[in-house]
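Here are the chains, one letter per residue:
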Amino acid sequence: MKFILGKNKPWIFIGVISVIPLLIWLFMLPVNNRFSNSFETMTSLGQISALLGFSLMAVNIILTARFHFLDRIFYGLNHVYVKHHLIGSVALILLLFHPLILAVRYLAISTQAAALFLLPNLNSWPQTLGTISLLIMMVLLFFTFYLAWQYHIWKFFHRFLTLAFLIGFFHVAFITSDVSANLFLRSYLLSLGALALIAYGYRLLVEFGQYGKFGYVVSKIRKINSDVLEFSLEPVGQPIKYLPGQFTFLSVEQENFSREEHPFSFVSVPADREIKFTIKALGEHTRLLANLKLGSFIFAEGPYGSFGQPEHSGLPAKKEIWIAGGIGITPFVSLAHDMEKSGRRADLYLSFRSPEEDIYVDDLKDLALKNPGLKVFVHYSRNEGYLTADKVERLSGPLSGLPIHICGPIPLMQSLRKQFIIKGVNNNNIHSEEFDFK
Amino acid sequence: MKNYITISLFIFWAVVVAILTAGLVFYNNNNTPLPITANSGTNSTTTNTIASTPVGSNTISGSKANKTSAPRVTSPANINTAQTPVITPAPAPTNNSVVLSAAEVAKHNTASDCWMILSGKVYNFTSFIPSHPGGSSMVPYCGRDGTSSFVSGPPHRHSSFADSLLPNYYIGDLNQAVSANQTPLLSPPNTSPALPANLQNGDNEGNDD
C-alpha cells in the first residue's frame, strides 16, 4: 500500500498544489449561487478553467527547474519531463477555454457583447495582458509542436513560454475577479506564480551561470565501434557523487561546440575517481560529440534518476530482470560492476540488432564469470526477431514478483512492458527509463 | 496529447471567428447611446441633438459636447445636484403610450422589475440583474437615477464594455413617450430567475471576470 501511494506521489504533489485555489474559490460563495443560471454557470466554468490552468502552468514551470527533491518524488527526472509534457498540454487547453467560455456567456445578451468581450480592451489593460499572454502561447505552441526544429532552435522558442506566463501572471494579479476579491486566493495564486518565476530564474542561473555544476576534463577517449565512443572524464575540483544507474547532464565548453546539455548515464562506478560515459551517434548532438578532444572542459549537472535503484522496487531484494536495448546498456554496465558491493542478483538481457553493433558484451560476460549472482543473455534481433517476454520467462523462470528494469529504445520498452503485463506481471514492478526531454 | 491540443485550438479559433463575425454582422449603429459620463446631458432635447458614438469606442466623448450645458461634477457632495435632471413638463400620455418620466421610472424599483435612469436615458435592467458582475449591488438603484454610480462608483467606474451592453436594455429617453406595445421592454420579463435571498440586499459584490 505504501509503495502504491509512493508511486502516485507525483500526482498527489501536482494535484494538491493545483486544486487548492479551486477549493478556496468554491468556498467563497454557496455552490448553488455559482450555478444558479446559465450566465453564472458559464462564468464559474470560465473561472475554474483559469484557476486550474494557471496553477498547472505554474507547477509545470517549477518542474523544469530540475530540483533534486522533484527527482526523488517523481522517481527520476525523466518521469518529471514526461509529466511536464502532459501537464503543459492540459494547462494550455484549460487556458484556451477560459476566455472562450466567458465570451460565450454574453451570447445570451447579444452577439455584439460577446464579440466585444473577445476584442482587446485598451481601457482594461489587465484583460489585454491576458489576451497577449494567450496569443504568445499559441504562437509558441505552433513553433514548438507543429514545426520540426533542431533541438537548440526548439528550445529557444520553448523558453519564451515563461514570458507568456509572466504576462499572464500580471493579468491574474490585476484583473477584477474573484481572485482580487479574496485575499487568501490572491495570495496563494500570486505566490505560486512567483515561485514558478523564481524557479525559472534559478534554472537560467544553472544553465548559463553554471551554478552548482561540476567541472571535468576529457582524459581518455576509446572507440568501441564505428558509432560508439567511451569518454573518461577527470574531475577539476569536487567530483560528482552518484549511484549506479543514475545519469547526468553534460555540456561541453569547447570552441565551435554547442553548449547544449544532454543526459548521459554513468558507465563507471561511484568508487572510481574518473567518470565514464558511452555515447552512440544517434542525433545531431551525439554525432558532434565524436569531435570531442582530450582536455576539453565539460560541465556535469546532477546526478539525477532512480533507475535501477532497488528500494524503488518496493520489494525485498531478490533476483531482478535487467533488459538493455542497444545503447540502453549503459546504466546496466555501472549497475553490474557495482553488484559485488551491492550484493544484488540479476539476469541481464542484452539486445542488439547484430554482433557488429554489440558493446560491453565481453566485459559483462567476464563479470558474470566472477559473480555467480549475474547471468548474461545476449540476443540479436536481426537473426532471432525482437526480444520477447516469452523468451525472458523461458530463460529466467516465473516472473511474478520479480522487479524488471528496462532501458533502451522507447518502442522496445513499451512493447516489453505490455507483454509482461499480459503475463501477469504487476505494472508497478516494471521500471523503465525514457530519455525524451523534448 | 498533440491531438487534443490541435482539436482545442481548432474549437477555440472556430468559436472566436464565429462570434466576431456574428458580432460584426449584427452590429447596429442605430441604437447606440452616448458613452455614459458624469457631464452627459440630462435634458432629453439636448441629448437628442448630440451625434451618437459608435459602440465599442474606447473614448468617452459625450462630455465635450455637453460642457456648456451641464455643471462639471467636482465632488461627491454635489453629484446629485449636478445630476438632477431639469424637469420640463412631460408630454401628456396618449392612449397606448407611456411617458418615461422620473415618476414612472420610480414605480419599477425592485429586482424583479428594475428600471433605471442613466444620463437621461431609461433602461429596463430586469433581465440583466442575474448577469451583473457586481451581483445585486445595482438593485438599490432600481427606479432611480444611477448615473453617478455607473460613472464613478461606488463600487467602481464601469468600463466601456459595460457601456456597450446598454443598447440591449434601452427603453427610451427620459420624459419620452414610448409606445406601450413595446411590451418586451416595458414589462418585467418572466424568465429571470429570482436572486437568492442572501444576495437581494446588495450585500455581496460580484466580479467582472
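None of the values given here were measured: they were computed from a predicted structure.

Novice: What is the right way to read the overall build of chain B from this model?
Specialist: A tally of helices and strands in chain B yields 8 helices and 6 strands. Taking all 209 residues of chain B together, the buried fraction comes to 44%. Of the contacts made within chain B by residues no fewer than 6 positions apart, 67% connect residues no fewer than 24 positions apart. A total of about 10,700 Å² of accessible surface is found on chain B, and carbon and sulfur atoms cover 58% of it.

Novice: Mind showing me how you'd approach helix α9 (residues 151-159) of chain A here?
Specialist: Residue and element names in this part refer to chain A. Three or more residues of α9 are buried, namely Y151, W154, K155 and F157. The arc enclosing the buried residues of α9, seen along the axis, measures out at 165°, which places them on a common side. Of the surrounding secondary structure, the elements contacted by the buried residues of α9 are α8 (125-146), α10 (161-174), α12 (183-209) and β4 (262-265).

Novice: Help me understand the nonpolar core, please; the structure alone is not making it clear to me.
Specialist: The nonpolar side chains of a soluble globular protein tend to be buried, and buried together. Among the nonpolar cores identified, the biggest contains 83 residues, and A:F74, A:Y106, A:I109 and B:F125 are the most heavily contacted of them. It is helix α6 (residues 77-105) of chain A that provides the largest number of residues to this core, a total of 12 residues. Sequence-distant contacts of A:F74, defined by excluding residues within four places in its chain, comprise A:P10, A:F13, A:I14, A:L63, A:H79, A:V80 and A:K83. Core analysis: the second largest hydrophobic core is formed by 25 residues, A:F307, A:I329, A:L350 and A:C407 among them.

Novice: What's the story with the interface of chain B and chain A in this structure? I'm lost.
Specialist: It is common to give the size of an interface as the accessible area that goes away when the parts come together. The partner chain A presents 48 residues to the 39 residues of chain B that form the contact. The interface formed by chain B and chain A contains 2 residue pairs in polar contact (both at pLDDT 80 or more). Secondary-structure elements contributing two or more residues to the side of chain B that touches chain A are α1 (2-25) and α7 (160-165) of chain B. Considering each element in turn, the side of chain B that touches chain A owes the most residues, 15 residues, to α1(B).

Novice: Just to check I follow, could you spell out the sheet that holds strand β4 (residues 121-124) of chain B for this structure?
Specialist: Residues and elements named next belong to chain B. Pairing in this open sheet of 4 strands is antiparallel, and the strands run β2-β3-β4-β5 from one edge to the other. Strands at the two margins of the open sheet, each flanked by one partner only, are β2 (109-110) and β5 (170-173). Pairing geometry for β2 and strand β3 (residues 113-118), over 2 bridges, is antiparallel. By the bridge assignment for β3, T110 is matched with D113.

Novice: Honestly, the state of the cysteines in this entry has me stumped. Any pointers?
Specialist: Residue and element names in this part refer to chain B. In total, this model carries 1 disulfide over all chains according to the counting rule given. One disulfide in the model links C114 with C142; its S-S distance is 2.1 Å. Handedness of the C114-C142 disulfide follows from its S-S torsion of about -90°: it is left-handed. Separated by 28 residues along the polypeptide, C114 in strand β3 and C142 in the loop between β4 and α6 (147-152) bring together distant segments of the chain.

Novice: I keep staring at the confidence of the model for chain B and nothing clicks. Help me out?
Specialist: Close reading of the predicted structure is inappropriate where its pLDDT is low. All names here are of chain B. Looking at chain B as a whole, the pLDDT averages 64, with 51% of positions reaching at least 70. Within the model, the stretch residues 29-88 combines pLDDT values under 50 with 86 contacts to residues more than four positions away or in other chains. For residues 187-209, every residue scores under 50 in pLDDT, and the model assigns this stretch 54 contacts once sequence neighbours within four places are set aside. Interface confidence for the predicted complex, given as ipTM, is 0.79, next to a pTM of 0.75.

Novice: Quick question: what am I supposed to make of the packing of helix α7 (residues 111-118) of chain A against α1(B) here?
Specialist: A pair of packed helices can be characterised by two numbers: the angle between their axes and the separation between those axes. One can describe the packing of α7(A) onto α1(B) by two numbers: an axis separation of 8 Å at closest approach and a directional angle of 125°. Between α7(A) and α1(B), the angle is such that the two are oblique. Of the two possible hands of crossing, α7(A) and α1(B) adopt the one that is left-handed. Contacts between α7(A) and α1(B) involve A:T111, A:Q112, A:A114, A:A115 and A:L118 from the first element and B:V16, B:I19, B:L20, B:A22 and B:G23 from the second. Tallied by class, residues from the contact of α7(A) with α1(B) come to 7 nonpolar, 3 polar and no charged.

Novice: Can you walk me through the packing of helix α2 (residues 9-26) of chain A against helix α4 (residues 38-63) of chain A in this structure?
Specialist: Residues and elements named next belong to chain A. Relative orientation of the contacting elements α2 and α4 amounts to 150°, with a least axis distance of 9 Å. In terms of orientation, α2 and α4 fall into the roughly antiparallel class. Between α2 and α4 lies a crossing whose hand is right-handed. Contacts from I14, I17, S18, P21, L22 and W25 of α2 reach α4 at S44, Q47, I48, L51, L52, S55, L56 and V59. Each residue belonging to the contact of α2 with α4 can be placed in one class, and the counts come to 10 nonpolar, 4 polar and no charged.

Novice: Before we go on, may I ask you to explain unusual backbone geometry in this structure?
Specialist: Leave glycine aside and you will find that most residues have negative phi; peptide bonds, for their part, are mostly trans. Looking along the chain, the bond that leaves A:G302 and enters A:P303 is cis, with omega of 5°. As for its placement among the helices and strands, A:P303 is situated in strand β6 (residues 297-304). A positive phi angle is found at A:Y360, which is not glycine, with a value near 65°. Residue A:Y360 is classed as buried on the basis of its relative accessible area, which comes to 9%. With phi around 70°, B:N175 is a residue other than glycine that occupies positive phi space. Tracing the chain through its elements places B:N175 in the loop between β5 and β6 (177-179).

Novice: Got a minute to help me understand the pairing of strand β8 (residues 346-352) of chain A in this structure?
Specialist: Two faces make up the sheet, and in a regular strand the side chains alternate between them. Residue and element names in this part refer to chain A. Buried residues dominate β8, accounting for 7 of its 7 residues. In β8, alternate side chains face the same way, and those of A346, L348, L350 and F352 on one face and D347, Y349 and S351 on the other are all buried. Of the strand pairs in this sheet, strand β7 (residues 320-325) and β8 are connected by 6 bridges, and their pairing is parallel. Bridged to W322 within β8 is L348. Relative to strand β9 (residues 374-380), β8 is paired through 7 bridges, and the arrangement is parallel. Residue pairing for β9: D347 is matched across the bridge by K375.

Novice: Before we go on, may I ask you to explain the pattern of salt bridges in this structure?
Specialist: Where side chains of opposite charge bring their charged atoms close, a pairing between them can arise. All names here are of chain A. Under the counting rule described, the total for this entry stands at 19 salt bridges over all chains. Note that E207 is salt-bridged to R203, the shortest N-O span being 3.6 Å. Linking E207 with R203, this pair stays in helix α12, spanning 4 residues, or about one helical turn. The exposure classification of E207 matches that of R203, with both residues buried. What emerges from the salt-bridge pattern is a single network uniting R66, K155, R159, R203, E207, K213, E261 and E301.

Novice: Explanation requested: the packing of aromatic side chains in the structure shown.
Specialist: For any two aromatic rings, the description comes down to two numbers: the centre-to-centre distance and the angle of the planes. Residues and elements named next belong to chain A. For the structure on display, the rule yields 32 aromatic pairs over all chains. Geometrically, the ring pair formed by F145 and Y146 is edge-to-face, given 6.1 Å between the ring centres and 65° between the ring planes. Classification of Y146 as partly exposed rests on a relative accessible area of 29%. Taken together, a centroid distance of 4.8 Å and an interplanar angle of 20° make the contact between Y349 and F377 stacked. Within this pair, whereas Y349 is found in strand β8, its partner F377 is found in strand β9, the two being separated by 28 residues in sequence. The exposure class of Y349 is buried, given its relative accessible area of 2%. Put simply, the rings of F142, F143, F145, Y146, F156, F157 and F160 touch in pairs and so form one group of aromatic residues.

Conventions and cut-offs
- Residues numbered from 1 in each chain as written.
- Chains lettered and ligands numbered in written order.
- Predicted model: local features only at pLDDT ≥ 70, side-chain atom pairs only at ≥ 80, totals over all residues.
- Heavy atoms only, no water.
- Helix = DSSP H or I, 4+ residues; strand = E, 2+ residues; numbered from the N terminus.
- Buried < 20%, exposed > 50% of the residue type's maximum accessible area, 1.4 Å probe, protein only.
- Contact = heavy atoms within 4.5 Å.
- Areas by Shrake-Rupley, 256 points an atom, 1.4 Å probe, with all protein chains shown as cover.
- Arc of directions from axis to C-beta.
- Core = buried A, V, L, I, M, F, W, Y, C linked by side-chain atoms within 4.5 Å.
- Polar contact = N/O pair within 3.5 Å; in protein donor to acceptor, adjacent residues only side chain to side chain.
- Pairing = 2+ DSSP bridges.
- Disulfide = S-S within 2.5 Å.
- pLDDT = per-residue confidence, 0-100.
- Axes fitted to C-alpha atoms, helices over the stretch in contact; angles between N-to-C directions.
- Parallel < 35°, antiparallel > 145°, perpendicular 65-115°, else oblique.
- Left-handed = near helix turned anticlockwise from the far one by under 90°.
- Nonpolar A, V, L, I, M, F, W, Y, C, P; charged D, E, K, R; others polar.
- Salt bridge = Lys/Arg side-chain N within 4 Å of Asp/Glu carboxyl O.
- Phe/Tyr/Trp six-rings, centres within 6.5 Å; stacked < 30°, edge-to-face > 60°.

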